[in-house]
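Working through the structure, step by step
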Amino acid sequence: MSDLILVLNAGSSSIKFEVFEGSALRLLWLGQMEGIGAAPHLLVRDAARRSLADRRWTTDDAPGDHAAALGIIMDWLKGVMTGRRVSSIGHRVVHGGPDFAAPVVITAAVLRRLEALVALAPLHQPHNLAGIRAAMEHFPGVPQVACFDTAFHRGHPWEADSFALPVEFYDRGIRRYGFHGLSYEYIARRLAAEDPALGRGRLVVAHLGNGASLCAIRDGRSLDSTMGFTALDGVPMGTRCGQIDPGVVLHLMQAEGMTPAEVARLLYKESGLKGLSGLSQDVRDLEASDRPEASRALSYFAWRVRREIGGMAAVLGGLDALVFTAGIGENAAGLRARICDGLGFLGISLDPQRNARGAAEISATATAVKVLVRHTDEERMIAEHVLATLAAGHAAAA
Ligand code: ADP
């Protein structure tokens, strides 16, 4: 009977999942249950992205929580996985706090430690944990591994890990944790496999999706990242503001009387490309629009990303490659060109044709710095971690 690895990413009202087979990690199915608790919708596709299930619920039997939603995903899986079994489960967990620097097999004690981190990521961690609890209920005895968005950054030097607050705040966990670590780790490993010399080099990876950040990587390890205590800091995003003077937040509350909840909504949901343009958070809409606000929002985004590339290159003491990844990084050629425009002083120069067709290498020939476009795959990274973590556990137990 062949073994399946189920990878789960549980959000506030959705569970995304991917199923991999065997140690070669062949992707079999990927899907999501959205609208949990409201208007649930299950979509499943195979590796060739052909639709296998597309079901909506409007009646009383609609799954109302993560456990019910996972039950439906499981029922679907059981119908297709004949002759195979789910032998392990990997969970995406946003926050591993100061201590989890690697994936970990989930035990009752680990779950308690993850619960203690809810205060650090109240918008995400509770949903991640609901997904873990639901999976433990449905798969008793199946080993489960938590993989953290923060773990890859835990080797940061203290200067990159700290705010200039009195040191007791650092000890209380008020630190620059950094996020998107699974994506950065995936990219760093793939580049090292493709080109070991580059893998040991100085990389700036720009993960530009709905959430966006940059990471400075040297010798395969994260040295600094633009995201801080939360996933709000750094470059502007679809609806998040990115770096902002904390004095603005104080002003909004003290002088304008906004409540913390109102400020949170503003910074997380109404800012970024959406707030700047007043039109959309989606780069495709902004590129298609002839409104000046759309162009200005894209210029702002490019400006801030360019600024951070410079900062990351300074931290690394130079640059061997700049890598674009995630929805915007992989697809938005125009924005990549805007970002790189003016970075010639760093040795960055694009080949317009290669950039336009989204080639794997988009830098002009004979430039000092390679500019690359790579697809990121956080779910596969999680599946790789599940295999490695369980193999290490078995080796330790043997
Ligand atoms: P998430 O952070 O939710 O995983 P993605 O990495 O999928 O997001 O990125 C989603 C964003 O990528 C979209 O909002 C859109 O702005 C951008 N995007 C996707 N495809 C294209 C495209 N063909 N051209 C320009 N932008 C794109």
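Owing to the predicted nature of the structure, the values given are computational and were not obtained by experimental measurement.

**With respect to the environment of Ala326**
Among the structural elements, Ala326 can be located in helix α13 (residues 326-331). The class for Ala326 is buried, based on a relative accessible area of 7%. Placed 142 residues apart in sequence, Ala326 and Tyr184 show a C-alpha to C-alpha distance of 11 Å. Contact partners of Ala326, with chain neighbours within four places excluded, come to His207, Leu208, Gly209, Asn331, Arg374 and Thr376.

**Points about the sheet that holds strand β4 (residues 41-46)**
Across the sheet, 8 strands lie side by side as β5-β4-β3-β2-β1-β6-β8-β7; this open sheet has mixed pairing. Looking at strand neighbours, the two that pair on one side only are β5 (51-56) and β7 (104-105), the edges of this open sheet.

**What about the site of the ligand?**
Taken together, Gly209, Asn210, Gly211, Asp282, Val283, Arg284, Glu287, Ala326, Gly327, Ile328, Asn331 and Ala332 form the complete shell of residues around the ligand. Val283 has a polar backbone atom sitting 2.8 Å from an oxygen atom of the ligand. At 3.3 Å from an oxygen atom of the ligand is found a main-chain nitrogen or oxygen belonging to Ile328. Those elements that place two or more of their residues in the shell around the ligand are α11 (283-288) and α13. Sorting elements by how many residues they give to the shell around the ligand places α13 first, with 4 residues. Broken down by class, the residue content of the shell around the ligand amounts to 4 nonpolar, 5 polar and 3 charged.

**Some points on the sheet that holds strand β10 (residues 212-218)**
What links the strands of a sheet is backbone hydrogen bonding, and the strands pair in either a parallel or an antiparallel sense. Overall, mixed pairing links the 5 strands, which are arranged β11-β10-β9-β12-β13 in an open sheet. Taken across any chain shown, the strands that pair with only one partner, and hence form the sheet edges, are β11 (221-225) and β13 (370-373). For this sheet, the mean angle separating the axes of adjacent strands, direction not counted, is 25°. For strand β12 (residues 321-325) and β13, the ladder comprises 4 bridges, and the chain directions are parallel. Bridging across to β13, Phe324 finds its partner in Val373. Packing against the sheet, helix α14 (residues 333-340) makes contact with β9 (202-208), β12 and β13, and its axis sits at approximately 150° to β12.

**Here's the deal with the layout of surface pockets**
One number sums up the size of the second largest pocket: a volume of about 840 Å³. Along its surface, the second largest pocket is lined by 32 residues, and Phe163, Phe229, Asp233, Ile244 and Pro246 are the ones closest to its centre. Broken down by secondary-structure element, the contributors of at least two residues to the lining of the second largest pocket are β11, α8 (246-254), α9 (260-269) and α12 (292-316). When the residues that make up the lining of the second largest pocket are grouped by side-chain class, the tally is 18 nonpolar, 8 polar and 6 charged.

**Observations regarding the UniProt feature "binding site: Mg(2+)" (unreviewed entry) in the chain**
UniProt tags Asn9 and Glu378 as "binding site: Mg(2+)" (unreviewed entry). For this annotated set, covering 370 residues, all C-alpha atoms fall within 10.0 Å of each other, a compact arrangement in space. Considering the arrangement of structural elements, one finds Asn9 in strand β1 (residues 2-10). With near-sequence residues (within four places) excluded, Asn9 lies in contact with Ser14, Ile15, Lys16, Arg92 and Glu379. As for its placement among the helices and strands, Glu378 is situated in helix α16 (residues 378-397).

Reading guide: rules and limits
Residues numbered from 1 in each chain as written. Predicted model: local features only at pLDDT ≥ 70, side-chain atom pairs only at ≥ 80, totals over all residues. Heavy atoms only, no water. Helix = DSSP H or I, 4+ residues; strand = E, 2+ residues; numbered from the N terminus. Buried < 20%, exposed > 50% of the residue type's maximum accessible area, 1.4 Å probe, protein only. Contact = heavy atoms within 4.5 Å. Pairing = 2+ DSSP bridges. Near = heavy atom within 4 Å. Polar contact = N/O pair within 3.5 Å; in protein donor to acceptor, adjacent residues only side chain to side chain. Nonpolar A, V, L, I, M, F, W, Y, C, P; charged D, E, K, R; others polar. Axes fitted to C-alpha atoms, helices over the stretch in contact; angles between N-to-C directions. 1 Å grid on protein atoms, 1.4 Å probe; cavity = no way out; pocket = protein on both sides within 12 Å on 5 of 7 lines; lining within 4 Å. Points joined across faces, edges and corners; volume = space filled by probe spheres on them. UniProt positions renumbered as here; feature names shortened; annotations may be inferred.

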